Amino acid sequence: MNTMSYKGYTARIDFDERDSIFVGRVLGVRPIIGFHGETVAELRAQFIAAVDDYLEEGV
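Now for a quick tour of the structure. (Residues numbered from 1 in each chain as written. Predicted model: local features only at pLDDT ≥ 70, side-chain atom pairs only at ≥ 80, totals over all residues. Heavy atoms only, no water.)

**A look at the nonpolar core**
Point 1. In terms of nonpolar packing, the biggest core is built from 14 residues, with Val 26, Phe 35 and Phe 47 touching the most fellow members.
Point 2. Only strand S1 (2-6), strand S2 (9-16) and helix H1 (40-56) provide two or more residues apiece to this core.
Point 3. For this core, the leading source of residues is H1, giving five residues.
Point 4. What Val 26 contacts, discounting residues up to four positions off in sequence, is Tyr 9, Thr 10, Ala 11, Ile 33, Phe 35, Phe 47 and Val 51. (Core = buried A, V, L, I, M, F, W, Y, C linked by side-chain atoms within 4.5 Å. Buried < 20%, exposed > 50% of the residue type's maximum accessible area, 1.4 Å probe, protein only. Helix = DSSP H or I, 4+ residues; strand = E, 2+ residues; numbered from the N terminus. Contact = heavy atoms within 4.5 Å.)

What follows is the structure in structure tokens.
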């Protein structure tokens, strides 16, 4: 399993071959937090934005 970490949160990363994109999902949180990107850099930026948005909502 491929993962990314940011601010103590970990995301599982998969590659969607049909759409040629990377797809991620933050693990260990109640709401489903998903994100995607065409490149690793874009995927990482989307992961950071998703976690920051989640934290801003007042976990």
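**Remarks on the sheet that holds strand S3 (residues 21-26)**
Point 1. Taken together, the four strands give an open sheet; going across it, the order is S1-S2-S3-S4, and neighbouring strands pair in antiparallel fashion. The open sheet terminates on both sides in strands that have one partner only, identified here as S1 and strand S4 (34-37). Each strand of the sheet is rotated relative to its neighbour by a mean of 30 degrees, with strand direction disregarded.
Point 2. Strand direction decides the pairing type here: S3 and S4, joined by four bridges, are antiparallel. Bridging across to S4, Arg 25 finds its partner in Gly 34. (Pairing = 2+ DSSP bridges. Axes fitted to C-alpha atoms, helices over the stretch in contact; angles between N-to-C directions.)

**Digging into the pairing of S2**
Point 1. Note that S1 and S2 share five bridges and pair antiparallel. Among the inter-strand pairings, Met 4 is bridged to a residue of S2, identified as Ala 11.
Point 2. As judged from the six bridges shared by S2 and S3, these two strands associate in the antiparallel manner. Residue Ile 13 lies in a different strand from S3, and its bridge partner there is Gly 24.

**So, unusual backbone geometry**
Point 1. Positive phi is not limited to glycine here, since Lys 7 has a value of about 50 degrees.
Point 2. Among the secondary structure elements, Lys 7 is positioned in the loop between S1 and S2.
Point 3. Taking relative accessible area as the criterion, Lys 7 reaches 52% and is therefore assigned exposed.

**Side note on the pattern of salt bridges**
Point 1. Inspection of the entire model under this criterion finds three salt bridges.
Point 2. One salt bridge connects Asp 52 with Lys 7, and the closest N-O pair in it is separated by 3.1 Å. In this pair, Asp 52 sits in helix H1 while Lys 7 sits in the loop between S1 and S2, placing the two residues 45 residues apart along the sequence.
Point 3. Across the pair Arg 18 and Asp 19 runs a salt bridge whose closest N-O atoms are separated by 3.3 Å. (Salt bridge = Lys/Arg side-chain N within 4 Å of Asp/Glu carboxyl O.)

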